[in-house]
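Chain residues, written in single-letter form:
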Amino acid sequence: MKRVWEKIVEGILTCSGFMTSLTILLIVVFLFAEALGLFNKKVIEEGYVLAVNKANPVQELSAAQIKDVFDEEITNWKELGGPDAEIKVFRLEDITSYFSEEELGAGYEKAPRCIGEIVAGDPGIIAFVPSKFIEKDFPGHLLQDESISFDEVFAGKEWFPTATPAPQFGFLPLITGTLWVSFFAILFALPFGLSVAVYMSEVADHRTRSFLKPVIELLSGIPSVVYGFFGLIVIVPLIQKAFNLPVGETGLAGSIVLAIMALPTIITVSEDAMRNCPRAMREASLALGATRWQTIYKVVIPFSVSGITSGVVLGIGRAIGETMAVLMVTGNAAVIPTTILEPLRTIPATIAAELGEAPAGGAHYEALFLLGVVLFFITMLINFSVEYISSRTNK
Amino acid sequence: MKQDVFPAGQGVRKRRSQWLAFGIFKLLSYSIVLILFAILGFIIYKGAGVISWEFLTTAPSDGMTGGGIWPAIVGTFYLMVGSALFAFPVGVMSGIYMNEYAPKGKLVRFIRMMTNNLSGIPSIVFGLFGMALFVKYMGFGDSILAGSLTLGLLCVPLVIRTTEEALKAIPDSFREGSLALGATKLQTIWHVILPMGMPNIITGLILALGRVSGETAPILFTCAAYFLPHLPHSMLDQCMALPYHLYVISTSGTDMESQLPLAYGTALVLILIILIINLSANALRRYFSNKVKTN
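Presented here is an overview of the structure given in this document. (Residues numbered from 1 in each chain as written. Chains lettered and ligands numbered in written order. Predicted model: local features only at pLDDT ≥ 70, side-chain atom pairs only at ≥ 80, totals over all residues. Heavy atoms only, no water.)

**A word on the pattern of salt bridges**
Residue and element names in this part refer to chain A.
Line of reasoning, step 1. Using the criterion set out here, one finds 16 salt bridges over all chains in the structure.
Line of reasoning, step 2. Its salt-bridge partner being aspartate 71, residue lysine 67 comes within 3.0 Å of it at the nearest N-O pair.
Line of reasoning, step 3. A residue is classified by how much of its surface remains accessible, and lysine 67, at 9% relative accessible area, is buried.
Line of reasoning, step 4. Classification of aspartate 71 by relative accessible area gives partly exposed; the value is 40%.
Line of reasoning, step 5. The salt bridge partner of arginine 275 is glutamate 271, with a shortest N-O separation of 3.0 Å. On the criterion of helical spacing, the pair formed by arginine 275 and glutamate 271 is a turn pair, its members being four residues apart in helix α10 (residues 251-275).
Line of reasoning, step 6. Bridged by salt links that share partners, the residues Arg209, Lys213, Glu271 and Arg275 form one connected network. (Salt bridge = Lys/Arg side-chain N within 4 Å of Asp/Glu carboxyl O. Buried < 20%, exposed > 50% of the residue type's maximum accessible area, 1.4 Å probe, protein only. Helix = DSSP H or I, 4+ residues; strand = E, 2+ residues; numbered from the N terminus.)

**Focus: the nonpolar core**
Line of reasoning, step 1. Membership of the largest hydrophobic core comes to 199 residues, with the highest contact counts inside it found for A:Ile27, A:Ile126, A:Tyr227 and B:Ile32.
Line of reasoning, step 2. When residues in this core are grouped by element, the largest group, 15 residues, is from helix α16 (residues 363-394) of chain A.
Line of reasoning, step 3. Sequence-distant contacts of A:Ile27, defined by excluding residues within four places in its chain, comprise A:Phe376, B:Leu118, B:Ile121, B:Val125, B:Phe126 and B:Phe129.
Line of reasoning, step 4. Among the nonpolar cores identified, the runner-up in size contains 17 residues, and A:Ala51, A:Phe90, A:Val119 and A:Val129 belong to it. (Core = buried A, V, L, I, M, F, W, Y, C linked by side-chain atoms within 4.5 Å. Contact = heavy atoms within 4.5 Å.)

**Some words on unusual backbone geometry**
It is generally the case that most residues other than glycine have a negative phi and that most peptide bonds are trans.
All names here are of chain A.
Line of reasoning, step 1. The backbone of asparagine 244 sits at a positive phi, close to 55°, despite the residue not being glycine.
Line of reasoning, step 2. Following the sequence through the fold, asparagine 244 ends up in the loop between α9 (224-243) and α10.
Line of reasoning, step 3. Despite not being glycine, asparagine 332 has its phi angle at roughly 55°, a positive value.
Line of reasoning, step 4. Positionally, asparagine 332 belongs in the loop between α14 (324-329) and α15 (347-354).

**Let's talk about the environment of A:Leu61**
All names here are of chain A.
Line of reasoning, step 1. Within the fold, leucine 61 resides in the loop between β1 (48-53) and α3 (63-70).
Line of reasoning, step 2. The class for leucine 61 is buried, based on a relative accessible area of 9%.
Line of reasoning, step 3. Between the C-alpha atom of leucine 61 and that of leucine 190, which follows or precedes it by 129 residues, the distance is 47 Å.
Line of reasoning, step 4. Excluding anything up to four places from it in sequence, leucine 61 contacts Ile66, Leu80, Ile126 and Leu143.

**A word on the interface of chain A and chain B**
Line of reasoning, step 1. The interface of chain A with chain B comprises 78 residues on the first partner and 79 residues on the second.
Line of reasoning, step 2. Approximately 7000 Å² of surface area, both sides summed, lies buried where chain A meets chain B, with 80% of it carried by carbon and sulfur atoms.
Line of reasoning, step 3. When the buried surface of chain A facing chain B is broken down by residue, A:Leu13, A:Phe229 and A:Trp293 rank first, second and third, together holding 9% of it.
Line of reasoning, step 4. For the pair chain A and chain B, the interface holds one salt bridge.
Line of reasoning, step 5. The partner of A:Glu34 in a salt bridge is B:Lys136, with the nearest N and O atoms 3.2 Å apart.
Line of reasoning, step 6. Taken together, chain A and chain B are joined by ten residue pairs in polar contact (both at pLDDT 80 or more).
Line of reasoning, step 7. Per-element accounting of the side of chain A that touches chain B gives the leading share, eleven residues, to α16(A). (Buried area = accessible area lost by both parts, 1.4 Å probe. Polar contact = N/O pair within 3.5 Å; in protein donor to acceptor, adjacent residues only side chain to side chain.)

**A few points about the sheet that holds strand β2 (residues 88-91) of chain A**
Residues and elements named next belong to chain A.
Line of reasoning, step 1. Taken in spatial order, the four strands of this open sheet run β2-β3-β1-β4, and their pairing is mixed. Pairing within the sheet leaves two strands with one partner each, and these edge strands are β2 and β4 (140-142). On average, each strand axis in the sheet is tilted by 25° relative to the strand beside it, whichever way the strands run.
Line of reasoning, step 2. Here β2 pairs with strand β3 (residues 125-130) via four bridges, running parallel. Counterpart to valine 89 in the pairing with β3 is isoleucine 126.
Line of reasoning, step 3. Seen against the sheet, helix α5 (residues 111-121) touches β1, β2, β3 and β4 and runs at an angle of roughly 40° to β1. (Pairing = 2+ DSSP bridges. Axes fitted to C-alpha atoms, helices over the stretch in contact; angles between N-to-C directions.)

Listed below in structure tokens is the structure:
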């Protein structure tokens, strides 16, 4: 009886031991399950079609081209491989300028015929209309509606998920925004963090250390939303004033906040690494007449370089995944950043800001889950490289 | 000819560069303290005037421009308890398995790697996952249950790691002594190992609670409500939460003038909760380590 009981408990413990692995597996499964539908979605908004004149040889347009056409940045069919004709954009609400309400009939019942007439009558027209208004004997032809392609998403330069008729799901601005803000954050945090780590592990006496340690623990315990709030109220106006900008919510504000948030990780991990440097090595260096400072940068730091690297990489991971603070201070403009003094938008901030408004199961919703997948794999990559770096140290 | 090993000039230069380097390190280290005190001081200074009994015990009113934060405090408390109920048993059992049962070698390395990976996953990804699994697939809807489970998963790695470290610190002689007296492995763990490791485990659990109480991203889509006039009735209700409330009133709204003091107050309450949690964990650690020494 006792042995059975022991076995049962052991089984339960074993199961919970695999809990984390199972969780990661489930995360992969569920994120992919929600995200992959995006590539089955059509480029043009669901339930709508794009119709052109029968004489028009253009068969299909990419999402970016459609957007340019409807933003009137492309105004001639020649640019799209068609005849030399002015593009005339037609949306359903324009129909009242062609036909009176009587001609359209009650509840738009005659609208299909009217749309047909409009499309047939203008060789340069492109009409964005609900597919239910297209009759069988429609006198124009419909542009082919491809599924959203991999390239359009990962190489797309525009993120504009609510655009009509073709929402833009280009990840490039978000990915570059994330990397850009994290890069600057690490640029600020690295010299700072390393100095503190060296000071704590090599220079400071016991009392100073036991004062600094809880300070750093506390710094890592402050919730990100409080950092965001502090950044919004204090750092953003400061930056706006210092650089004389129209808005203070910039990549720089995000980088500063992220740098503060990444500091505890960098400090703790690299301090641990330096403490692991054997005493004998230090003493040998000192005995050869090197000063303490020379010992630090010629012996201790080279010895612990892989530990320091893990600390930095973990700090980068923390910066890339940070959501709330970045969401609150970076201004969230989805453009590919060129300077650090303009608003930008990161992957986590996009998910946090938009998922609430994206209808479940729609293309926008799936695109946000795909962003989650991207984020997941970036952090996995980071974790594995940390694993790799620290496994090399142990040998 | 006898060479001068330490020419005077070089020695001075060496000492000067050391003095400079150490000076910079010291300066930067103390500026970290300054940063912390700046953040804490700013929020305490601005928020202290807002906090009153009424602020703590009433619901927001006048479209989030007046009233207090009572429902948010209660919501955060529910979420902390809910996630603790899920994460603590799982995490502690997993830690026991890793340290006491799992065969050393590849398997433990694999599990530890997975645990590290899980703790490195951004909280917003947990939010997405919680929404897909708990809210939609399991059909809990936006609820305290879904939010607690998501937050629980988030802090499981932390609980595992602290449990493992606590157990690792116990010398093998205790295990061997107990086994030699005829106790089974389970009895040894239950009567010897766990009581000895308990102080450190509890400290870790308290710190995990601190982490949970401040997280916003995982509850955005699984639980948090913008405003609820009443307290949640069951595990399947939505709830307000302090961090989300702070996010909402500091970023959206029509009347920033009157919202800002409330935001300071909310931030202060949140910071105080986390300070109390951290300090009590530290005090507990010190108390137990003293007790062990004097015995």
